[in-house]
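Fold and contact review
This is what each chain is made of:
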Amino acid sequence: MINADEIAGILKQQIQSFKTEVQEDEVGTVIEVGANLARVYGLRGVRASELVEFPNGLQGVALNLEEDNVGVVILGSDADIKEGDKVRRTGRIASVPVGEALLGRVVNPLGQPIDGKGPIETNKYRTIENTAPTVVQRQGVKQPLQTGIRAIDALIPIGKGQRELIIGDRSTGKTAIAIDTIINQKGRNVFCIYVAIGQKNSTVAALAQVLEQKGAMDYTTIVAVSPSEAAALRWLAPFAGCAMGEELMYGGKDVLIIYDDLTKHAQSYREMALLLRRPPGREAYPGDVFFLHSRLLERAAKLSDELGGGSMTALPVIETQAGDFAAYIPTNVISITDGQIYLTPDLFFQGIRPAVDVGLSVSRVGGSAQTKAMKSVAGQLKLELAQYRDLAAFAKLASDLDKATQMQLMRGEKMTELLKQPQYQPQPMEDQVAIIYGATNGFVNDIPTPRLQEWAKGFIDFLHAKYASIPESIAKTGQLPDDVKKQLDVALTEFNKSF
């Protein structure tokens, strides 16, 4: 039997509990489009950096919020967008997928994989623009981040949480230093992010292959954007990489991030700004180009213990034109960072590689980011190289030099030779300490300069084979006590007899 009262009761109940959900979408209209930019009328409530959606699924970022229209940069090709198209607000600020699932992958600035290895399994997102940690949330930079490059670890040490600029003309080995540093993080529990801004796809593919061969891709994410892509994507890339790094840093992990290079980044921002009709300033860059890089690099930090003690170390790269370090973008980034590694073409073409100009390079964190062992041997090395630089200038003018000056020049030449290092062969700290100790204590005075590289390689092999306890002790304690120095003296003397 059907009970009419029962059915009526159910219907009444459903009518009472019925709620309508109204979804309000704010929609605007494209009034002008071209050069990967769109002017949109009608998005009155849109926020700065908010994602908007075009009819074909393409997204854009609202950059210019003007009185009667919004300037939107399109994240992709503008070929399918035309005047009169409807544009919808998404309510989301531009963000990228983050998390450890991105390690070992090559992604574009939107976090989408471009390496053909399938989708990335992560449900975490992070906005690309975030506030940098405050002074209270940070702690001093005091742990070394080893690059594996003797010239840098001894003379221009980098610490976890530091921002060290790599600056030089094109083809002087800037990227090589960055890649060696990534390779050297193997087994050190440091995650790496390499942001390739406007670099050829073939260059990025070759780089990924090198990292794969060296076993470094397991802890590395590459964020790549080619020169043919929209300026908006090149502008987005470093911020996307930074957000990926921040997720790991706030998780208590150590991160190394490389921006290669910020010159191209500034140029793509200038391109966007001029098309958006923002007033140009010096070298036609917009007025906020300094803020563009400072808010990016300030996000690198060594966090306080209360926040987990994670760190993000930034190595921005800047390309100079004909060694002009006083240009606008180089001076801007020099003033933001905690030191710089200068690479010069003169040294590069003399065969001194890495072509680090030790006189002009500086680390504003200095010895506090070095182990005691490295500090104890690096002081003497710095002194000898400084004296050599002063004398070398005069030696070109003088024909006959006294014995002491000749000796000083000879030692300086040997030190310079020992600071050369082949690409993709970073060296552990303990091996660097052993070589520099031998060099600064006169054990290489009788070795012919052209054979010093051979000597260094042979000595390290000998040390690990016959006196393995010495490098083990230095690696474990980070110190070079007198008893270990005595053992090193014995090992060096024995090796030199056979060499």
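Being a predicted model, the structure only gives us computed values, none of them experimental.

1. A short note on the overall build of the protein chain
Check the secondary structure of the protein chain and you find 15 helices and 16 strands. Taking the principal axes of the C-alpha coordinates as reference, the protein chain spans close to 110 × 60 × 40 Å. For the protein chain, with 499 residues in total, the buried portion stands at 53%. Once local pairs closer than 6 in sequence are excluded, the contacts in the protein chain between residues at least 24 apart make up 74%. Taken as a whole, the protein chain presents about 23,000 Å² of accessible surface, with 52% of it coming from carbon and sulfur. Across the protein chain, the 53 positively charged side chains and the 59 negatively charged ones have centroids separated by 3 Å.

2. Let's talk about the packing of aromatic side chains
The geometry of an aromatic ring pair is captured by the separation of the ring centres together with the interplanar angle, meaning the angle of the planes. Within this structure, the stated rule accounts for 10 aromatic pairs. Summarising the aromatic geometry, the rings of W455 and F459 are spaced 5.6 Å apart at their centres and angled 10° between planes, so their arrangement reads as stacked. Of this pair, W455 and F459 both sit in helix α13 (residues 452–466), four residues apart, roughly one helical turn. For the residue pair W455 and F459, the accessibility class agrees, reading buried in each case. Aromatic ring contacts, followed pair by pair, group W455, F459, F462, Y467, F495 and F499 into a single cluster. The ring of Y285 is capped by R270, whose NZ or CZ atom sits 4.2 Å from the centre of that ring.

3. Topic: the sheet that holds strand β8 (residues 106–107)
Reading across from one edge, β8-β12-β11-β13-β14-β10-β15-β16 is the order of the eight strands in this open sheet, with mixed pairing throughout. In this open sheet, the two edge strands, each paired with only one partner strand, are β8 and β16 (362–363). Direction of pairing for strand β11 (residues 190–197) relative to strand β12 (residues 220–225): parallel, over a ladder of six bridges. The residue of β12 that forms the bridge with A196 is A224.

4. Digging into helix α10 (residues 372–395)
With 24 residues, α10 ought to run about 34 Å at 1.5 Å a step, and its terminal C-alpha atoms sit 35 Å apart, in line with that. A bend of about 30° at A378 is the largest found in α10. If you check which residues of α10 are buried, you get A373, M374, V377, A378, L381, E384, L385 and Y388. Contact partners of the buried residues in α10: α2 (150–155), α11 (403–418), α12 (429–440) and α14 (469–477).

5. Considering the pattern of salt bridges
All told, the structure shown has 26 salt bridges when counted by the stated rule. The closest approach of N and O atoms between R39 and E66, which form a salt bridge, is 3.0 Å. Within this pair, whereas R39 is found in strand β2 (residues 37–41), its partner E66 is found in the loop between β4 (59–65) and β5 (70–74), the two being separated by 27 residues in sequence. Relative accessible area serves as the criterion here: at 36%, E66 is assigned to the partly exposed category. Linking R278 and D288 is a salt bridge whose minimum nitrogen-to-oxygen distance equals 3.9 Å. One end of the pair, R278, is in the loop between α6 (262–275) and α7 (289–297); the other, D288, is in the loop between α6 and α7, and 10 residues separate them in sequence. Overall, the relative accessible area of 25% leaves D288 in the partly exposed class. Through salt bridges with shared partners, a single network forms among K124, R126, E246, E247 and R299.

6. Here we look at the side chain of K302
Here K302 shows up in the loop between α7 and β14 (311–319). Of the side chains with opposite charge, D254 lies nearest to the buried K302, which makes no salt bridge, at 4.6 Å. The residues contacting K302, other than those within four sequence positions of it, are Q137, R138, Q139, G140, Q143, K160, G161, G309, G310 and S311.

7. Structural notes on the packing of α11 against α12
For the pair α11 and α12, the least separation of the axes is 10 Å and the interaxial angle reads 170°. When the axis of α11 is compared with that of α12, the two are roughly antiparallel. For the pair α11 and α12, the contacting residues are R411, M415 and L418 in the first and I435, A439 and T440 in the second. For the contact of α11 with α12, the residue count by class is four nonpolar, one polar and one charged.

8. Things to note about α11
Counted at 1.5 Å a residue, the expected span for α11 with its 16 residues is 22 Å, and the 23 Å between its end C-alpha atoms agrees. Within α11 the residues assigned to the buried category are T405, L409, R411, G412, K414, M415, T416, E417 and L418. Along its buried surface, α11 packs onto α2, α10, α12 and α13. The opening residue of α11, the one whose side-chain oxygen lies 3.2 Å from the backbone nitrogen of A404, is D402.

Rules behind the numbers
- Residues numbered from 1 in each chain as written.
- Predicted model: local features only at pLDDT ≥ 70, side-chain atom pairs only at ≥ 80, totals over all residues.
- Heavy atoms only, no water.
- Helix = DSSP H or I, 4+ residues; strand = E, 2+ residues; numbered from the N terminus.
- Buried < 20%, exposed > 50% of the residue type's maximum accessible area, 1.4 Å probe, protein only.
- Contact = heavy atoms within 4.5 Å.
- Areas by Shrake-Rupley, 256 points an atom, 1.4 Å probe, with all protein chains shown as cover.
- Lys, Arg positive; Asp, Glu negative; His and termini not counted.
- Charge placed at Lys NZ, Arg CZ, Asp CG, Glu CD.
- Phe/Tyr/Trp six-rings, centres within 6.5 Å; stacked < 30°, edge-to-face > 60°.
- Lys NZ or Arg CZ within 6 Å of the ring centre and 35° of its normal.
- Pairing = 2+ DSSP bridges.
- Expected span 1.5 Å × (residues − 1).
- Bend = angle between axes of the 7 residues up to and from the residue.
- Salt bridge = Lys/Arg side-chain N within 4 Å of Asp/Glu carboxyl O.
- Axes fitted to C-alpha atoms, helices over the stretch in contact; angles between N-to-C directions.
- Parallel < 35°, antiparallel > 145°, perpendicular 65-115°, else oblique.
- Nonpolar A, V, L, I, M, F, W, Y, C, P; charged D, E, K, R; others polar.
- Polar contact = N/O pair within 3.5 Å; in protein donor to acceptor, adjacent residues only side chain to side chain.

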